[in-house]
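Understanding the architecture of this molecule
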Amino acid sequence: MEKINILILGSGGREHTFCWKLAQSQLTNQLFIAPGNGGTKDLATNINIGVNDFESIKKTVLENQIKLVIVGPEDPLVNGLHDFFLSDQALRAIPVIGPQKLGATLEGSKEFAKAFMIRHDIPTAQYGSFTAENIDKGYAFLDQMKSPYVLKADGLAAGKGVLIIDDLKEAKTELANMLLNKKFGVASSKVVIEEFLKGIELSCFVLTDGKSYLTLPMAKDYKRIGEGDKGPNTGGMGAISPVPFMDDKFNQKIHDRIVRPTIEGLHKDNIPYVGFVFIGLIKVGEEPYVIEYNVRMGDPETQVVLPRVKNDLGELLLATAEGRLSQIEIEIDDRSYTTIVAVSGGYPEGYQKGKEITGLEKVKGCNVFHAGTTVREKKTFTIGGRVLAVTSYGEGHKSALKQSYEQIQKINFDGMYFRGDIGFDL
Ligand code: AMP
Ligand code: GLY
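Residues numbered from 1 in each chain as written. Chains lettered and ligands numbered in written order. Predicted model: local features only at pLDDT ≥ 70, side-chain atom pairs only at ≥ 80, totals over all residues. Heavy atoms only, no water.

1. Quick look at the packing of helix H1 (residues 13–22) against helix H11 (residues 313–321)
Selection rule: Every angle, taken between N-to-C directions, lies between 0 and 180 degrees, and every axis is a line fitted to C-alpha atoms, over only the stretch in contact when it is a helix. Per the convention used, a helix needs a DSSP run of H or I reaching at least four residues, while a strand needs a run of E reaching at least two, with both numbered from the N terminus. Any angle from 65 to 115 degrees is called roughly perpendicular, while one under 35 is roughly parallel, one over 145 is roughly antiparallel, and all others are oblique. Any two residues whose heavy atoms approach within 4.5 Å are treated as being in contact. Note on residue categories: nonpolar means Ala, Val, Leu, Ile, Met, Phe, Trp, Tyr, Cys or Pro, charged means Asp, Glu, Lys or Arg, and polar means any other residue, Gly included.
The geometry of H1 relative to H11 is characterised by a closest axis approach of 8 Å and an angle of 105° between their N-to-C directions. As judged from the angle between their axes, H1 and H11 are roughly perpendicular. Between H1 and H11, the contacting residues are Phe-18, Lys-21 and Leu-22 on the first element and Leu-313, Gly-314 and Leu-317 on the second. Within the contact of H1 with H11, the residues separate by chemical class into 4 nonpolar, 1 polar and 1 charged.

Below, the structure written as structure tokens:
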């Protein structure tokens with residue numbers, strides 16, 4: 001097999017995990033990542049350009065003879081990076097893993113995603129969608145809903161656009177804040193109001209070439225900053241895969257009612273899609289419902305999902321780009337993987353940067369995936385909210401967690417915080 005140069009876009013723990021897995025691929029000649037972080041530079045060449053700087057990405061791709069591009073975060077996809085490649089003479093033939101703008105709208109617009117689910121009979125919470133013009137209908141819709149009220153900014157709002165409110169009056173005030181006062185900027189010029197679903201959440205990952213698909217291991221992540229799932233939402237504080245409460249029957253329901261109809265729906269609607277679909281699910285009683293679609297892998301779910309995939313990731317992604325997924329059999333490691341995320345003190349609100357990270361060399365028997373780190377003169381410093389994720393495996397999630405917790409104690413930086421209770425609810 002001819003080896004190729006590969007470019008990954010992004011700078012988080014998810015992208016470090018992609019780097020780590022692709023560094024083991026038979027297909028990889030040289031790995032590049034833009035912009036990358038303090039961990040990726042040991043496996044790849046970090047290139048200091050932003051993920052939305054399309055012209056610089058083009059230059060990098062051509063200068064380095066890149067033959068495969070993997071997009072980590074949703075932003076560049078929603079902004080049309082894949083379309084940019086397809087419309088450029090020099091880039092057209094270079095495969096991009098991640099959907100075009102139309103497919104990315106599944107994450108870029110909550111209303112688009114809801115309409116897609118309803119059209120294809122995919123179970124999801126009931127909803128209504130409102131703008132400033134028909135805000136009165138929005139108030140009336142709230143009147144006939146039950147508490148708590150779920151209000152979602154239609155567009156991308158850096159993970160902050162969802163409000164869950166107990167009080168009807170407050171829900172109406174927030175609806176007005178979103179629609180009339182642009183609480184989340186243009187993202188909230190439209191608002192989806194949803195029925196509240198009570199249950200336990202899990203994340204399902206699918207890789208598709210637009211026709212065939214493979215289901216990757218499912219995972220559960222822990223989004224709240226505080227122990228016992230308290231406090232504000234974060235990007236994710238830890239993850240576990242497999243999901244211990246998954247059984248064959250529930251798995252089959254997810255497959256039959258959600259995964260297959262989603263991929264078939266993309267096909268029926270003529271939405272081209274090459275890349276990952278991350279389906280945020282909630283288990284209500286014994287029934288799965290879709291909370292949201294994302295058009296990328298999860299972070300920190302990737303840090304436990306990719307290590308379980310035994311296939312050569314480069315080959316898997318090239319087969320995806322070339323429409324050959326139907327010929328591939330996915331092989332999964334049955335062991336349990338867990339990851340614990342260490343964050344800067346204060347995150348997800350304001351936090352300080354530039355703290356030296358020590359003890360990394362003492363960590364044994366697990367993977368430390370970097371996120372907000374940078375290296376200067378052989379020392380590693382924090383530069384972000386989520387700093388690193390410690391991934392371990394074991395025969396069950398308890399032994400994997402024990403290992404991650406033992407090892408993370410060896411790492412230190414001023415203000416370091418991690419949740420001590422990942423897996424508490426299982
Ligand atoms: P989303 O950005 O749509 O994933 O929403 C963020 C979080 O809000 C989800 O992970 C859930 O915890 C919660 N959430 C969203 N929609 C609902 C719903 N309909 N019922 C209950 N919780 C929800
Ligand atoms: N961990 C959730 C996400 O990546 O959106």
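2. Things to note about a nonpolar patch on the surface
Note the following rule: Each patch is built from residues that are more than 30% exposed by relative accessible area and take part in no salt bridge. Like charges join if they lie within 9 Å; nonpolar side chains (Val, Leu, Ile, Met, Phe, Trp, Tyr) join within 5 Å. For the accessible areas, the method is Shrake-Rupley and the probe is 1.4 Å, while residue cover comes only from the protein chains on display. Any carboxyl oxygen of Asp or Glu that lies within 4 Å of a side-chain nitrogen of Lys or Arg is treated as forming a salt bridge with it. Remark: exposure states derive from per-residue accessible area (1.4 Å probe, protein chains only) relative to the maximum for the residue type, with buried under 20%, exposed over 50%, and partly exposed in between.
On the surface, Val-162, Ile-164 and Phe-196 cluster together into a nonpolar patch covering about 250 Å² of accessible area. Of note, Phe-196 is situated in the loop between strand E9 (190–194) and strand E10 (200–208). The partly exposed category is assigned to Phe-196, whose relative accessible area is 34%.

3. Remarks on the sheet that holds strand E20 (residues 367–370)
Counted only if it meets this: DSSP-based pairing: two strands are paired if at least 2 bridges between them are found.
Strand order in the open sheet made by the 5 strands is E12-E15-E18-E23-E20, with antiparallel pairing throughout. Pairing within the sheet leaves two strands with one partner each, and these edge strands are strand E12 (220–221) and E20. Where E20 lies against strand E23 (residues 386–394), 4 bridges are found, and the strand directions are antiparallel. Residue pairing for E23: Phe-369 is matched across the bridge by Ala-389.

4. Let's talk about helix H8 (residues 168–179)
The criterion, for reference: Expected span of a helix: the number of residues minus one, times 1.5 Å. Any N or O atom pair separated by 3.5 Å or less is treated as a polar contact, with the protein-specific requirement of one donor-capable and one acceptor-capable atom, and with residues adjacent in sequence counted only for side-chain atom pairs.
Compared with an ideal rise of 1.5 Å per residue, which puts 12 residues at 16 Å, H8 spans 16 Å between its outermost C-alpha atoms and is within 8% of the ideal. Of the residues making up H8, those classed as buried are Ala-171, Glu-174, Leu-175, Ala-176, Met-178 and Leu-179. Buried residues along H8 sit against strand E6 (127–131), helix H7 (135–143), strand E7 (149–153), strand E8 (162–165) and E9. Two to three positions downstream of the cap, the backbone nitrogen of Lys-169 sits 3.3 Å from a side-chain oxygen, assigning the N-cap of H8 to Asp-167.

5. Topic: the pairing of strand E21 (residues 373–376)
With 4 bridges joining them, E21 and strand E22 (residues 379–382) adopt antiparallel strand pairing. Across the sheet, the residue bridging to Thr-373 is Thr-382, located in E22. Counting the residues that bridge the hairpin from E21 to E22 gives 2 residues, and of these Glu-377 lies at a positive phi of roughly 45°.

6. Considerations on the site of ligand 2
For clarity, the threshold we go by: Near residues are defined by distance, with any heavy atom within 4 Å of the molecule or strand qualifying the residue.
All residues in the neighbourhood of ligand 2 are listed as Asp-221, Gly-235, Phe-278, Arg-296, Gly-298, Asp-299, Pro-300 and Glu-301. Grouping the constituent residues of the shell around ligand 2 by class yields 2 nonpolar, 2 polar and 4 charged.

7. Considerations on the environment of Gly-10
Structurally, the position occupied by Gly-10 is in strand E1 (residues 4–10). Expressed as a C-alpha distance, the spacing of Gly-10 and Asp-247, which sit 237 residues apart in the sequence, is 34 Å. Discounting chain neighbours no more than four positions away, the residues touching Gly-10 are Glu-15, Ile-33, Ala-34, Pro-35, Gly-36, Val-51 and Pro-73.

8. So, the sheet that holds E8
Picture the strands of a sheet paired through backbone hydrogen bonds; they go either parallel or antiparallel. Taken together, the 4 strands give an open sheet; going across it, the order is E6-E9-E7-E8, and neighbouring strands pair in antiparallel fashion. Looking at which strands have only one partner, the edges of the open sheet turn out to be E6 and E8. Across the sheet, the mean angle separating the axes of adjacent strands is 20° when strand polarity is ignored. Alignment of E7 against E8, held across 4 bridges, turns out to be antiparallel. Bridging across to E8, Val-150 finds its partner in Ile-164. Here helix H6 (residues 110–119) sits on the sheet and contacts E6, E7 and E9; the angle it forms with E9, its principal contact strand, is near 45°. Strands in contact with H7 are E6, E7 and E9; relative to E6, the strand with the most contacts, it is inclined by about 150°.

9. Things to note about the nonpolar core
Heads up, the rule is: In this description, a nonpolar core means a group of buried Ala, Val, Leu, Ile, Met, Phe, Trp, Tyr and Cys residues linked to one another through side-chain atoms lying within 4.5 Å.
Residues Val-69, Phe-85, Ile-279 and Tyr-293 are the most contacted members of the largest nonpolar core, which totals 47 residues. Setting aside residues up to four positions removed in sequence, Phe-85 forms contacts with Ile-57, Val-61, Val-69, Leu-91, Arg-92, Ile-94 and Val-96. Grouped together as the second largest cluster of nonpolar side chains are 33 residues, Leu-31, Val-274, Leu-313 and Leu-316 included.

10. Describing unusual backbone geometry
Following Ala-34, the chain continues into Pro-35 via a peptide bond in cis, with omega recorded as -5°. Looking at the secondary structure, you find Pro-35 in strand E2 (residues 28–35). Geometrically, the link from Asp-299 to Pro-300 is a cis peptide bond, its omega value of 20° lying close to zero. A positive phi angle is found at Lys-182, which is not glycine, with a value near 50°. Within the secondary structure, Lys-182 sits in the loop between H8 and E9. At Lys-378, a residue that is not glycine, the phi angle is positive and equals roughly 65°. Relative to the helices and strands, Lys-378 resides in the loop between E21 and E22.

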